Amino acid sequence: MDFPAEHHLRRLATHAGAHAAVDFACFYVLFARFSPLVQPAEQLTLGFLLYNVLAFGLQPLIGFLCDHYRSFPAAAAGCALVLVGLCLPQGAAWAALVLCAFGNAWFHVGAGSDVLLLSHGRMADNGAFVATGAVGVALGTLAGQNGVSAALPIVLLSAVLLLLWWMPTQFGGALTRYWIFSGRTGLPLAFFLLLLAVAARSFAGAVMPAPWRSTGDYLLLAAGAAALGKALGGVLADVFGARRVSVLALALSVPLLALFYESPALSAIGLVLFNIPMPVTLCAVADLLPYNPGLAFGLTTLALLVGVVPVFLVPLAGASAAALAAALSALAAGCLLVVTRNRREVYHETV
């Protein structure tokens, strides 16, 4: 089921806006409902770890189910779960966290697989979709910390939910190949290297020292830089080639983030470059699983979880964290250099 261009853009805009709204609502709950009520600090850390495990760790399983039941409105169901968690009473902090985590997982896989299906080989679509999440996370964090009324996320999420329910799920649609897998390795090694690249970037991004990011205005600057990098990544990869863009961007980000992490301006440029490979990696994994876009999307988010979990266990800071982040970024660049290629062909097959 192929859609005309205006319908395609409407679906992409709806998914991208919903991504921002869902992440906004989830992080509003974490910082307005969960953090003020849960003590001591160990339980707070456990709660945030639980949220990440549920929101990211379940996505491969959910993605596998979505691939087999494409008519199920997973994105809308995920929004509904987050909305229920958002509307729970103030004292039900743990229940709200769990519902938001489950809803986040269902939404991401449902919307992410739909974008993969409707993109027709354009990495730019996937970059636009993933980019809005960073802005939603930052705004939800600030709203929760500054006592914004819950009416705002409730209204936003309700509006998004109505749009998603009204919009039909794309099933039986065009199967898209990105043709950016280099073929230099077998499929098992290619999977390993791509997911290693995602995990390495996740760990690098989490340990990367940037003391300026803790304040409100600079938090938005960091989120905007990350979103811009993801959005640009897909566009640039479509024009100049996946391997060339992703490897060069990571290589250029290393000195900026490792040596100038105390400078907001230079670090922000580094963050833009650091996030450019994200849509490339997602599309490369989807290239290896052309019949399972939901599973492909879920595997990349699982790799993100694997990369971020060690940060909860072994916190790092300062020059040692910067050196580790640089080394991991170089490792990710090496993985993408081996697995991806620049030449692309667009191929459609009816599912």
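Everything below is about the structure shown above.
Before going into details, it helps to say that this report is about the structure given with it. (Residues numbered from 1 in each chain as written. Predicted model: local features only at pLDDT ≥ 70, side-chain atom pairs only at ≥ 80, totals over all residues. Heavy atoms only, no water.)

### Looking at the overall build of the protein chain
- When you go through the protein chain residue by residue, the secondary structure sums to 14 helices and 2 strands.
- Its C-alpha radius of gyration of 19 Å places the protein chain within 12% of the 20 Å reference for a compact globule of 351 residues.
- In terms of principal-axis extent, the alpha carbons of the protein chain reach across some 55 × 50 × 30 Å.
- Working note: accessible area of the protein chain is about 13900 Å², and carbon and sulfur atoms make up 74% of it.
- Charge centroids of the protein chain, computed over 15 positive and 13 negative side chains, lie 6 Å from each other. (Helix = DSSP H or I, 4+ residues; strand = E, 2+ residues; numbered from the N terminus. Rg over C-alpha atoms; globule rule 2.2 N^0.38 Å. Areas by Shrake-Rupley, 256 points an atom, 1.4 Å probe, with all protein chains shown as cover. Lys, Arg positive; Asp, Glu negative; His and termini not counted. Charge placed at Lys NZ, Arg CZ, Asp CG, Glu CD.)

### Details of the packing of aromatic side chains
- In total, this model carries 8 aromatic pairs according to the counting rule given.
- Note on Phe-72 and Trp-106: the rings are 5.7 Å apart at their centroids and 65° apart in plane angle, and the pair reads as edge-to-face. With Phe-72 in the loop between helix H3 (59-68) and helix H4 (74-87) and Trp-106 in helix H5 (residues 93-118), the pair connects residues that are 34 residues apart, well separated along the chain.
- The class of Phe-72 is partly exposed, set by a relative accessible area of 40%.
- The ring centre of Trp-179 lies 4.5 Å from the NZ or CZ of Arg-177, which sits over that ring.
- Sitting over the face of the ring of Phe-274, Arg-201 holds its NZ or CZ atom 4.7 Å from the ring centroid. (Phe/Tyr/Trp six-rings, centres within 6.5 Å; stacked < 30°, edge-to-face > 60°. Buried < 20%, exposed > 50% of the residue type's maximum accessible area, 1.4 Å probe, protein only. Lys NZ or Arg CZ within 6 Å of the ring centre and 35° of its normal.)

### Remarks on the layout of surface pockets
- Reported here for the largest pocket is a volume of approximately 1800 Å³.
- If you trace the largest pocket, you find 48 residues lining it, with Phe-27, Val-137, Gly-205, Ala-206 and Val-308 closest to the centre.
- When residues of the lining of the largest pocket are assigned to their parent elements, the largest contribution, 8 residues, is made by helix H13 (residues 293-313).
- Partitioned by chemical class, the residues of the lining of the largest pocket number 29 nonpolar, 15 polar and 4 charged. (1 Å grid on protein atoms, 1.4 Å probe; cavity = no way out; pocket = protein on both sides within 12 Å on 5 of 7 lines; lining within 4 Å. Points joined across faces, edges and corners; volume = space filled by probe spheres on them. Nonpolar A, V, L, I, M, F, W, Y, C, P; charged D, E, K, R; others polar.)

### Focus on the pattern of salt bridges
- Summed over all chains, the structure comprises 3 salt bridges.
- Close ionic contact of Arg-11 with Asp-114 constitutes a salt bridge, the shortest N to O distance being 2.6 Å. With a gap of 103 residues between them, Arg-11 in helix H1 (residues 5-34) and Asp-114 in helix H5 connect regions that are remote in the sequence. No difference in accessibility class separates Arg-11 from Asp-114, as the two residues are buried.
- Asp-125 is the salt-bridge partner of Arg-122, the closest N and O atoms lying 3.6 Å from each other.
- Of the residues examined, Asp-125 reaches a relative accessible area of 6% and is grouped as buried. (Salt bridge = Lys/Arg side-chain N within 4 Å of Asp/Glu carboxyl O.)

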